[in-house]
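Take a look at the letters that make up each chain.
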There are 2 protein chains.
Amino acid sequence: MTPDATERRVLEAIRERRELVNDALDEDVPMAEPERLYEATRYLLKAGGKRLRPTVSLLTAESLADVEPMSEDYRAFPTLAGDAIDVMVAAVSIEVIQSFTLIHDDIMDDDDLRRGVPAVHKEYDTSTAILAGDTLYAKAFELLTKTGADPADGLEAVRRLATTCTQICEGQALDIEFERRTEVLPDEYLQMVELKTAVLYGTAAAVPAVVMGADDEVVEALYQYGIESGSAFQIQDDVLDLTVPSDQLGKQRGSDLVENKETIISLHARQQGIDVDDLVDAETAEELTEDAVEAAVAELNEAGSIDYAREMAEALTEQAKSRLDVLPDNEARDLLCDIADYLITRGY
Amino acid sequence: MTPDATERRVLEAIRERRELVNDALDEDVPMAEPERLYEATRYLLKAGGKRLRPTVSLLTAESLADVEPMSEDYRAFPTLAGDAIDVMVAAVSIEVIQSFTLIHDDIMDDDDLRRGVPAVHKEYDTSTAILAGDTLYAKAFELLTKTGADPADGLEAVRRLATTCTQICEGQALDIEFERRTEVLPDEYLQMVELKTAVLYGTAAAVPAVVMGADDEVVEALYQYGIESGSAFQIQDDVLDLTVPSDQLGKQRGSDLVENKETIISLHARQQGIDVDDLVDAETAEELTEDAVEAAVAELNEAGSIDYAREMAEALTEQAKSRLDVLPDNEARDLLCDIADYLITRGY
């Protein structure tokens, strides 16, 4: 299938589920008092977002149950034993954790904008943003206790989410540490990406299987699917920053180079002896000319660094897709396959 | 029994368990990588603390199981059905949550010191402190999945802890909101205290009963014991600030008045028409004279505000102790009774 057709199918699958996920977020993280806290808690959730992780969760459930996509009520979804559980609340708990990490990350990075609106600590204040994140954190665990799954499975899902949250913190700490370090190895960078970004994709795919009573082997394969496609997604982000025209990217192409942000590409280039810090001499993204980016990209291409990243993303994606062999052969599985492809073929 | 004898018994019960709790904290929140993150995560836990909440948890378990205090291995503790569970890991999870809330609260309040050492965001930095708190948050939930309890009980314990964390955030948000508001009613203040402080005492007492398989009625009574004695503890703090000599208090007596901190005493006094904001005219705790404090205290006494707080703390404590009737009559229950008394009779 062409990348365009894949993208259309994926965006359609996300679009179909997004409204249901948004309604569920509204029900499961309702307004409460104190008003300002709950407004801040819901602010980023209401600001939008693709809902890619909950879509992965819902598709995993649909493939495992071997039902036609969108044919079952996600709030009373068939487990493998034939009981009915709320698989939507599990999907929502993943999105709520994602939202909590974004709010706290934006404080740490002092980022002004998120999803096109002011970051929570800018719209409110830092204390409120810390508390809003902490509230979402608790909500996510509370929600995950409410699937109605067999209690042993429910407890295992909670344990997995908790371990995942610990790892996300470790990944963010490594990310901060790397900014201060003079040398970072590509493997260390990949470990950081896995912890900071990929484990939550892994958990998004694995948790529905856990609460539906799937075998450990299935759960583990789905977790690896998420880890691998999530890592590929992040590596592809680094490639896109250099290869996609600015107007399509929504920001200056090559901005990672100006900001001296280490990526798998810059780390590979360093290993090839390229003086990455002086690849472009602009101090701000505004100063950066297209010619300067072209010259830098040419040098990185010469060193094989962009291909190195691209091939790594492709290999991870192929591996991720092969993990899906544990699932029944059905439309939902095909869509999970498409999502893995989409994560590295999307244009921006 | 005299207050002194009660205090001795309570401090002895805490002292006996503290080393075991500290060892368990070290085992259950071990060093890991990234090193700086885990050092920050463990920093406040290692800085000390009375371990009052885990002591309450362990005593609740001992009373419920009707065993002699300190006679059983907390890591293989008898449930009501005769199984063996790790009740220590539940106690540790409560202390870990307490530690997380202190780290984040200190960022929000920009407090420099905690337990006699620099606050985590001062010793490290704000980003590391946010992450250290977030890591402890995840650890607490992870630990609570590991009691080995019947899974339904384990899941219920997680649900209770998650709800408690949500409430702690609500309480902290109210505390911040009240500093900005011109009028706060005593009932609103009490609700804030209950959310910010008392619910974690309640959960410290209730969770062991949940994982040991106690009836809902017992769990609920123990929760109320914690709520009421925890609220009394906080109210007593407000009384002590005005009534205990500075050298015994470890800070300037009357400092709440200088800082214009609303307490149940100031809120009652306002309702009696006292101009609380002008009770003392010192701008800093250093400027405050003993005579000025004496005059302010005399006025508050005159209005009945200090007695109002004291009587409220006493009534809450009596109610808390009566909740313990659901427990077998044994030494551990007596100690829980003593702890409730100690929380409002302690000198500082």
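Refer to the structure above for everything that follows.
Residue numbering note: each chain is counted from 1, following its sequence as written. Think of it this way: whatever chain is written first is A, whatever ligand is written first is 1, and the rest follow in order. Side-chain atom pairs in this predicted model are given and counted only at pLDDT of 80 or more, local residue features only at pLDDT of at least 70, and totals for whole chains, interfaces and linings cover all residues. Hydrogen atoms and water are omitted, and side-chain values are computed over all heavy atoms in the structure.

Residue and element names in this part refer to chain A. The grouping of D275, D278, D281, E283, E286, E287, E299 and E302 at the surface amounts to a negative patch. Going along the chain from the N terminus, every DSSP run of H or I of four or more residues is numbered as a helix, and every run of E of two or more is numbered as a strand. On the secondary structure map, E287 appears in the loop between α12 (264-271) and α13 (290-302). Throughout, exposure labels follow a simple rule: accessible area from a 1.4 Å probe, protein chains only, divided by the maximum for the residue type, with under 20% read as buried, over 50% as exposed, and the rest as partly exposed. You can call E287 partly exposed: its relative accessible area is 47%. Each patch is built from residues lacking any salt bridge and having more than 30% relative accessible area; the joining distance is 9 Å for like charges and 5 Å for nonpolar side chains (Val, Leu, Ile, Met, Phe, Trp, Tyr). Where accessible areas are quoted, they stem from the Shrake-Rupley method and a 1.4 Å probe; at the residue level, only the protein chains shown are allowed to cover. By definition here, a salt bridge exists when the distance from a side-chain nitrogen of Lys or Arg to a carboxyl oxygen of Asp or Glu is within 4 Å. When charges are counted, neither His nor the chain ends are considered; positive counts come from Lys and Arg and negative counts from Asp and Glu. A charge is said to be at NZ when it belongs to Lys, at CZ for Arg, at CG for Asp and at CD for Glu.

As a further point, take the interface of chain A and chain B. In this assembly, 39 residues from chain A lie in contact with 39 residues from chain B. Of the roughly 3300 Å² buried between chain A and chain B on both sides combined, carbon and sulfur atoms contribute 73%. Between the two partners, chain A and chain B, sit 2 salt bridges. Two residues, D125(A) and R180(B), come together in a salt bridge whose shortest N-O distance is 3.9 Å. In protein, a polar contact means a hydrogen-donor-capable atom and an acceptor-capable atom, both N or O and within 3.5 Å, with residues adjacent in sequence counting only if both atoms are side-chain atoms; elsewhere, any N or O pair within 3.5 Å suffices. If you look at where chain A meets chain B, you find 8 residue pairs in polar contact (both at pLDDT 80 or more). Of all elements in the fold, only α2 (35-46), α4 (87-109), α6 (126-144) and α7 (151-180) of chain A reach the threshold of two or more residues within the side of chain A that touches chain B. Of all the elements, α7(A) adds the most residues to the side of chain A that touches chain B, at 18 residues. Three classes are used, and their members are as follows: Ala, Val, Leu, Ile, Met, Phe, Trp, Tyr, Cys and Pro are nonpolar, Asp, Glu, Lys and Arg are charged, and the others, Gly among them, are polar. For the side of chain A that touches chain B, the class distribution of residues is 21 nonpolar, 8 polar and 10 charged. The contact criterion used throughout is that any non-hydrogen atoms of two residues lie within 4.5 Å. Put simply, buried area is the surface a 1.4 Å probe can reach on two separate parts but cannot reach once they are joined, added for both.

Turning to unusual backbone geometry, a few remarks are in order. All names here are of chain A. For the peptide bond that leads from E33 to P34, omega is 0°, which places it in the cis range. Within the element layout of this structure, P34 appears in the loop between α1 (3-28) and α2. The backbone of R51 shows a phi angle near 65°, a positive value even though the residue is not glycine. Backbone geometry at M70 places phi at a positive 65°, although glycine is not the residue there. Within the secondary structure, M70 is located in the loop between α3 (52-65) and β1 (77-78).

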